[in-house]
Amino acid sequence: MKTEFTAEQLADPKIARANQILRSCVHCGFCTATCPTYQVLGDELDSPRGRIYLIKDMLENDRDPDAKTVTHIDRCLSCLACMTTCPSGVHYMHLVDQAREYIEERYRRPLGDRALRWVLARILPYPMRFRVALLGAKLARPLAPLMPDPRLRAMLDMAPRRIPPVSRNDDPQTFPAQGARIKRVALMTGCAQRALNTDINDATIRLLTRLGCEVVVAEGAGCCGALTHHMGKTAESHATAAKNIRAWTREMDGEGLDAVVINTSGCGTTVKDYGHMFRSDPLAGEAAKVSAVAVDISELLMQLDLQDGDDKGMVVAYHAACSLQHGQQIKTYPKDLLRRAGFRVVEPADAHLCCGSAGTYNLMQPKISKQLKDRKIRTLEARTPDLIAAGNIGCMMQIGSGTGIPVVHTVELLDWATGGPMPPAMAEAGPTALAGAVKDPAKGVPILR
Amino acid sequence: MQMPEPNPDILSRKADLVARLRTVLPQEAVIDDLAETRAYECDGLSAYKCPPMVVILPGSTQEVSRALAICHEMGVPVVPRGSGTSLAGGALPTADSVILGVARMAEVIDTDYENRVIRVQTGRTNLSVTGAVEDEGFFYAPDPSSQLACAIAGNIAMNSGGAHCLKYGVTTNNLLGVTLVQMDGTVMELGGAHLDAAGYDLLGLICGSEGQLGVVTEASLRILRKPEGARPVLIGFESSEVAGACVSDIIKAGVLPVAIEFMDRPCIRATEDFAQAGYPDCAALLIVEVEGSDAEIDEQLGLIEAIARRHDPVALRQSRSAAESAAIWKGRKSAFGAMGQLGDYMCLDGTIPVGALPHVLRRIGEMSGEFGLGVANVFHAGDGNMHPLILYDANKPGDLELCEAFGAEILKLCVEVGGCLTGEHGVGIEKRDLMAHQYDPDDLAAQMDVKDVFDPRWLLNPAKVFPLDASDTRRRVA
Amino acid sequence: MSMTPETEQDLAAIIKGAEGPLRIEGGGTRPLGRASNAARLSTRGLSGIRLYEPGALTLVAGAGTPLAEIEEALAAEGQRLAFEPMDHRDLLGTEGTPTLGGVVAANVSGPRRIQAGACRDFLLGVRVVDGQGRIIRNGGRVMKNVTGYDLVKLMAGSYGTLGVLTEVALKVLPVPGCTGVLRIEGLSDAEAIRALSHALGSPYEVTGAAHLQAGAAQTSVTLIRLEGSEASVAYRAGELQALLAGSGAVSLDTDPDRAAADWAHVRDVGPFQGCAGDVWRLSVKPTEAPGIVAELPGARALYDWGGGLIWLLIPEGGGVAGPEIHAAVAARGGHAMRVRGDRSRAGFAPLPAPVAALQDGLRRKFDPRGILNPGLMTPMETS
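Chains are numbered independently. Their residues run from 1 in the order of the written sequence. For this description, chains carry letters from A and ligands carry numbers from 1, given in the order in which they are written. The model is predicted, so local features are restricted to residues of pLDDT at least 70 and side-chain atom pairs to those at 80 or more, both for listing and for counting; the totals for chains, interfaces and linings are taken over all residues.

### As for the overall build of chain C
Per the convention used, a helix needs a DSSP run of H or I reaching at least four residues, while a strand needs a run of E reaching at least two, with both numbered from the N terminus. When helices and strands are tallied, chain C shows 13 helices and 18 strands. For this measure, only C-alpha atoms enter the radius of gyration; the expected value for a globule follows 2.2 Å times N^0.38, where N is the number of residues. Taking 383 residues into account, the globule formula puts the C-alpha radius of gyration at 21 Å, and chain C, at 21 Å, falls close to it. With the C-alpha coordinates of chain C rotated into their principal frame, the extents come out at 65 × 50 × 35 Å. Burial in this document is a count-based property: other C-beta atoms within 10 Å of a residue's C-beta are tallied, and the residue is buried at 20 or more, exposed at 12 or fewer, or partly exposed in between, with C-beta positions derived from the backbone. Split into buried and exposed, the 383 residues of chain C put 57% on the buried side. For chain C, restricting intrachain contacts to residue pairs at least 6 apart in sequence, the fraction spanning at least 24 positions comes to 71%. Residues are scored as being in contact if the C-beta atoms we place from backbone atoms lie within 7 Å.

Shown next, in the form of structure tokens:
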């Protein structure tokens, strides 16, 4: 596509990158077809092609963002389905990230909006603050109908019924491998996940050590920075990301790391992009090294010797998190692993569509998020699974809030299948949750160890 | 590209128009802020652009009818738009026009497997029509390469084809009925679930009329049971001419594959990067697909391979799995987009008699040298529908004009050898001024007579299809 | 008066100079709604194959070319007109030679229409002289062509009321090696249509699906045609026999002569040839077909296109009149046309007002003086 930047504008490396991205777009419109917000809203402006146009116009004319442009860019889930679809290789992620930063710098949001973003940016990335907030939300839930702002109601609705106790596994330490050490890996324990669901990290540590990995929870590592990064709050996101880069660099320089392993794919996409985020930063070299060894848990497991399991007689509907299937282009590994472990894997129709969780999206855009959630649950339930598995805590919370079918992390199932405990979400759901599997002779009886 | 001057009188009544449209449409379905209308300034042909005055996104036939009646009454031109994937500028606005987008009308109204017909709202994408019936083993046959995104409305407007229309025909051969809203808001049904409607074949006339005769809001489409299987074979040759000769021989032999697709080296490389389909790196590649049971496929491919071997192919390989076949087609169908990795391009769409393929490919190669612009070729070889992609640099002054001139020469060549300007993309804005090369004044007058009958004020999709000087008097009278 | 121009220019001159109505005629085998005071204008002088490229599946010929000449040329190359045009002579009791132009003007298709398409689907281009005497070309001779409006479709089936065809270009197809006919006897209309729907909804590419009601001497017969290579036909026939096992015994016949005779019988409405009474042609949604026929007591039916086409015979004094037939069809979606009966008035279906307005508008544009086949394509009076 033709662009209209001046030579002076192009001297700015950010604009040069935007120009490079815009020039590769041929305006074919394929991206509209797989964009969740376009499916829901049917307006070109709420599609990648429309947003690219809005961004192009804003950057070319160096104009301050207007409310309408901001609305349409805010509605983007950053699910990156468009990048999977795009035949021309348009790097939409870098373009929209740049637009968000531009908006954050040059647009003054209405007070309520600013306050909400300020609060989220200061709570979610900090597990202890988030725990307190969740407790408050639990207490405040009865007041939800009184809330004037639908976004505040959404926040209360999303707060889980059960807030798990702190897991000491998330503290900095090293878990030795069982048997001979095959790999030494750093586990990113994350931020919100540590407050919302401690089972995932626990299961990951059990599974990896069982398969011969020494697992390090590095001192000083924390939030990946994605939450603030997607709000355009570059200073904050870079600050938290830098802490991680330093923490893992210390490990790499010390005993060495074969991988930085991430079990929350939303974070994984961001850690894998550190190299780009820090490309003009003094930490560029270290950031690139971290990105190079960052892997999703499923990628690491494919390299390990996960033994084949007997048929469990259970149908698992695999929900592909956008950050995994689009952001990291990991599509088959989780399904392959679940099948190897003995689960029967099915997928919902329109598996490429986002569930509407998308980081803080379900809090900031509750209406669109709800439509996407309902659609996702409808297509998942149509497959009548015994369980739903996903590789991202955000999706798990989102889907779990709307279905009676237990929702678990892929690693919890793999841990269970190789000797770990039954995932708590299944145990809690009780025997009724597994009734389908037990009653239907065609599916066989679950073989539980 | 010359466009009519925007009518200042219409522009001056914008506020009034917007207010009236908001009385019949939801608030957010009327877009009038320049920051937002700009995203509708072009379609898949981004070389030409112009922001419309207003964009409307109606949600029902009734809303379309009411909105059109208002525009008609106020004398405001309307540009219907499906998904905006036209490569011919079919949805290019004028500055004084209203874009009428049908994207919010995407529901399936009825599926009838016994009578093999589906009724959909026309904002639905082509591929999702198949998506609605594939669990029952059916599909909708026309498969334009943009089928993932393009809307049935646009397919009907352009009479879209696709790779598999060698066997299944194009849109007009698979369209049974429509709900048509005329410019004055009149709603009518043409055809239905039955074949060969009464009276003149107005359905056939509407199909391919580029949105100039009415807005189609619903369509009854023929659905077919999926074949038991399908398998493509990749045949590589050392030159385009040899590949062209092979195509002609396959057809002459009485074997009729469902698709015969052609790609040359630049296209092969670009699409392989995207789809990893395992295309052989050769000067010219044919993708030939046949359908049926395994034994039937083997039988047909045996015949085709025997013919191909007489032309000394440099590569010959059948697809080994469903996943590989999918990758082969994904690559082919993304070819235009994938070419975007190499730079800007203009995609042409002439059709020629199959026998003229070698001659035309050679001439295009020669002209490429004369104009100093690269060309990549990807096309439906079985029916002679060519898609030369002329590569240029949109940011380099003068390059677009050079590219247009080259494109015009290629299309004139198509007409010269007995072909036509456009096989499936439509005339739109892109080939409007070349129409006189294919048609005499009386031929064009007859087509414009039809326009006079359906849209006497010439308000629908203005400035497309007919050269402005040819339509000048009629538009003035209107 | 009768005129037979030999060139397009002569034809244009005749039309320009015409002072009264003209009755356009090819071979004269499909006489519909003849205007008694009209001068005869024959296209038979515009005859001959102009171009035939078997490798491009394309044939171009003058409108007056006898169909037999076309079919002979195609057969020599192992090709055919896949839309299987019907021969009206025996049904209508007419003489003469069907012409290509006549086939196109009436959009005549046969049993294979359900799979291959109608005449209009194979029509690549036309040359036509309209009522103003303008020589108009539309379409061309290539397979895919969306250059400008599709007047080719408009001309197909317009019965010469917009213009006189002078030349047509058609897509042709190879003749498959083998034909197999599956046959089920004794089915009721409703059972037969269900079986045909089932077959047509299978992946086995049925190219003919007809049902002949029981007569005085024989039981009802349901026919399904398969075409392709020998192995392919055998395979698909086997699959269909299994699929339709619930409908009764399904026999297979691969004798080429019997297959040709069977389908010519269906195509040319053999059962009603030589029977007295009006003949109607109904285009409907297949599953509605038996219900429509049941509503018309006394009518005999032949179902083609899996039920989508009903040929009706209304025996003399049969008691069912035009308005009842139109009403029965209109209520369930579709249209009806009388093809045999009172020759002075063609039996075209009534059209909804906005459609009729467009049709009238087009006719006034292309034939402002109203001289081309006046009376044809005009909906029959509801009396």
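### Things to note about the overall build of chain A
A count of helices and strands for chain A gives 27 helices and nine strands. The globule rule puts the C-alpha radius of gyration for 449 residues at 22 Å, and the 22 Å found for chain A is close to it. Considering only C-alpha atoms, chain A reaches an extent of 65 × 50 × 45 Å along its principal axes. Burial status across chain A gives 52% buried among its 449 residues. Long-range contacts, defined here as pairs at least 24 residues apart, represent 73% of the contacts in chain A between residues at least 6 apart.

### Overview of the sheet that holds strand 1 (residues 173–175) of chain A
Residues and elements named next belong to chain A. By this definition, two strands are paired if DSSP reports at least two bridges between them. An order of 1-3-2-4-5 is seen for the five strands of this open sheet, with the pairing classed as mixed. What marks the edges here is a single partner per strand, and that holds for strand 1 and strand 5 (294–296). Between one strand and the next, the sheet's axes are offset by a mean angle of 30 degrees, whatever the strand orientation. Sheet analysis places strand 1 next to strand 3 (residues 213–217), joined by three bridges and oriented antiparallel. Looking across to strand 3, one finds that F175 is bridged to V215. Against the sheet, helix 13 (residues 199–210) engages strand 1, strand 2 (183–188) and strand 3, with an angle of about 145 degrees to strand 3. Across the face of the sheet, helix 16 (residues 265–272) comes into contact with strand 2, strand 4 (259–262) and strand 5 while running at roughly 155 degrees to strand 5. Here the axes come from fitting lines to C-alpha atoms, over the contacting stretch only for helices, and the angles between their N-to-C directions go from 0 to 180 degrees.

### Describing the environment of G342(A)
Residues and elements named next belong to chain A. Inspection of the secondary structure puts G342 in the loop between helix 21 (333–340) and strand 7 (344–346). On the basis of neighbour counts, which here come to 17 C-beta atoms within 10 Å, the residue G342 falls in the partly exposed class. Separated by 29 residues in sequence, G342 and G313 have C-alpha atoms that sit 7.8 Å apart. Once residues within four sequence positions are removed from consideration, G342 is found in contact with G309, D310, D311, K312 and A417.

### Describing the interface of chain C and chain B
The interface is formed by 69 residues belonging to chain C together with 75 residues belonging to chain B. A total of eight residues in the side of chain C that touches chain B trace back to one element, the largest contributor, which is helix 13 (residues 353–366) of chain C. Each residue receives one of three labels: charged for Asp, Glu, Lys and Arg, nonpolar for Ala, Val, Leu, Ile, Met, Phe, Trp, Tyr, Cys and Pro, and polar for the others, Gly being one of them. Grouping the amino acids of the side of chain C that touches chain B by side-chain chemistry returns 31 nonpolar, 25 polar and 13 charged.

### Structural notes on the sheet that holds strand 14 (residues 250–253) of chain C
Residues and elements named next belong to chain C. In space, the eight strands of this open sheet follow the order 14-11-13-12-16-17-15-18, with antiparallel pairing throughout. The sheet is open, and its two edges are formed by strand 14 and strand 18 (334–340), each paired on a single side. Here the average twist between neighbouring strands, direction ignored, is 20 degrees. Along the sheet, helix 10 (residues 256–267) makes contact with strand 11 (178–185), strand 12 (206–212), strand 13 (221–228), strand 14 and strand 16 (300–304), crossing strand 11 at roughly 60 degrees.

### Observations regarding the nonpolar core
Here a nonpolar core is just a set of buried residues of the types Ala, Val, Leu, Ile, Met, Phe, Trp, Tyr and Cys, joined wherever their C-beta atoms sit within 7 Å. V185(A), V260(A), I56(B), L286(B), I310(C) and L312(C) are the most contacted members of the largest nonpolar core, which has 415 residues in total. Ranked by residues supplied to this core, first place goes to helix 17 (residues 441–454) of chain B with seven residues. If sequence neighbours within four positions are ignored, L312(C) has contacts with V279(C), W280(C), L282(C), L296(C), A299(C) and A301(C).

### A few points about the environment of A358(A)
All names here are of chain A. Residue position: A358 is located in the loop between strand 7 and helix 22 (361–364). Note on A358: 28 C-beta atoms within 10 Å, which makes it buried. With 37 residues separating them along the chain, A358 and C395 place their C-alpha atoms 7.6 Å apart. In contact with A358, other than residues within four places in its own chain, are L77, S78, C79 and G394.

### Comments concerning the interface of chain A and chain B
The interface of chain A with chain B comprises 26 residues on the first partner and 28 residues on the second. Listing elements by their share of the side of chain A that touches chain B, those giving two or more residues are helix 3 (30–34), helix 5 (48–60) and helix 6 (67–74) of chain A. Sorting elements by how many residues they give to the side of chain A that touches chain B places helix 5 of chain A first, with four residues. Taken together, the residues that form the side of chain A that touches chain B break down as ten nonpolar, ten polar and six charged.

### Things to note about unusual backbone geometry
In this model, W458(B) sits at a positive phi of 55 degrees, which is unusual for a non-glycine residue. Counting through the fold element by element, W458(B) comes out in the loop between helix 17 and helix 18 (468–477). For W458(B), a count of 21 C-beta atoms within 10 Å puts it in the buried group. The backbone of V269(C) shows a phi angle near 55 degrees, a positive value even though the residue is not glycine. Relative to the elements of secondary structure, V269(C) occurs in the loop between helix 10 and strand 15 (278–284). Among the residues examined, V269(C) registers 23 C-beta atoms within 10 Å and is labelled buried.

### Focus on helix 18 (residues 284–293) of chain A
Residue and element names in this part refer to chain A. For helix 18, the complete set of buried residues consists of E286, A287 and V290. The arc that holds every buried residue of helix 18, seen down its axis, measures 100 degrees, which confines them to one face. Residues of helix 18 that are buried make contact with helix 15 (234–253), strand 4, helix 16, helix 17 (274–277) and strand 5. Directions are taken from the helix axis to each C-beta atom, and the arc is the one they span.

### Details of the packing of helix 21 of chain A against helix 25 (residues 410–417) of chain A
Residue and element names in this part refer to chain A. Closest axis-to-axis distance for the helix 21/helix 25 pair is 10 Å, and the angle between their directions is 25 degrees. Classified by the interaxial angle, the pair formed by helix 21 and helix 25 is roughly parallel. Every pair of crossing elements has a handedness; the one defined by helix 21 and helix 25 is left-handed. Mapping the contact onto sequence places P334, L337 and L338 in helix 21 and T410, L413 and L414 in helix 25. In the contact of helix 21 with helix 25, the residues fall into five nonpolar, one polar and no charged. An angle below 35 degrees is read as roughly parallel, one above 145 as roughly antiparallel, one from 65 to 115 as roughly perpendicular, and any other as oblique. Crossings are classed by handedness, with left-handed meaning an anticlockwise turn of the near helix from the far one by less than a right angle and right-handed meaning a clockwise turn.

### Quick word on the confidence of the model for chain C
Each residue gets a pLDDT score, which is the predictor's confidence in that residue and runs from 0 to 100. Across chain C, the average pLDDT comes to 93, with 97% of residues at 70 or higher. Scored as a whole, the predicted complex attains pTM 0.94, and scored at its interfaces, ipTM 0.96.

### Notes on the pairing of strand 14 (residues 284–291) of chain B
Residues and elements named next belong to chain B. Most of strand 14 is tucked away: eight of the eight residues are buried. Covered by surrounding structure in strand 14 are A284, L286, V288 and V290 together with L285, I287, E289 and E291, the residues of both alternating faces. As defined by bridge partners, strand 12 (residues 230–237) adjoins strand 14 across eight bridges and the pair is classed as antiparallel. Within the sheet, the bridge partner assigned to G236 lies in strand 14 and is L285.

### Let's talk about the arrangement of the chains
Where two pairs of chains are in contact, the pair with the most contacts is made of chains B and C. Over all C-alpha pairs, chain A and chain C never come within contact, reaching a minimum spacing of 21 Å.

### Some thoughts on the pairing of strand 18 of chain C
Residues and elements named next belong to chain C. The buried count for strand 18 comes to seven of seven residues, which makes it a mostly enclosed element. Examined bridge by bridge, strand 15 and strand 18 share six bridges and lie antiparallel to one another. Note that in strand 18 the partner of R281 across the bridge is M337.

### So, the packing of helix 17 of chain B against helix 13 of chain C
At a minimum axis distance of 9 Å, the contact between helix 17 of chain B and helix 13 of chain C shows a crossing angle of 145 degrees. Between helix 17 of chain B and helix 13 of chain C lies a crossing of right-handed hand. Counted together, D449(B), V450(B), D452(B), V453(B) and F454(B) of helix 17 of chain B and L358(C), G361(C), L362(C), K365(C) and F366(C) of helix 13 of chain C form the full contact between these two elements.

### Here we look at the confidence of the model for chain A
Residue and element names in this part refer to chain A. Taken over all residues, the pLDDT of chain A has a mean of 91, while the share at 70 or more is 96%. Ranking the elements of chain A by mean pLDDT puts helix 27 (residues 435–439) last, at 41, and strand 6 (residues 315–319) first, at 98. pLDDT under 50 marks residues 435–449. Its contacts with residues more than four places away, or in other chains, come to 23 contacts.

### Brief notes about the environment of A61(C)
Residue and element names in this part refer to chain C. Relative to the helices and strands, A61 is located in strand 5 (residues 58–62). A61 gets classed as buried once you count the C-beta atoms within 10 Å, which come to 25. In this structure, the C-alpha to C-alpha distance between A61 and L46, residues 15 residues apart in sequence, is 8.8 Å. Apart from the residues within four sequence positions on either side, A61 is in contact with G48, I49, R50, I70, L100 and V168.

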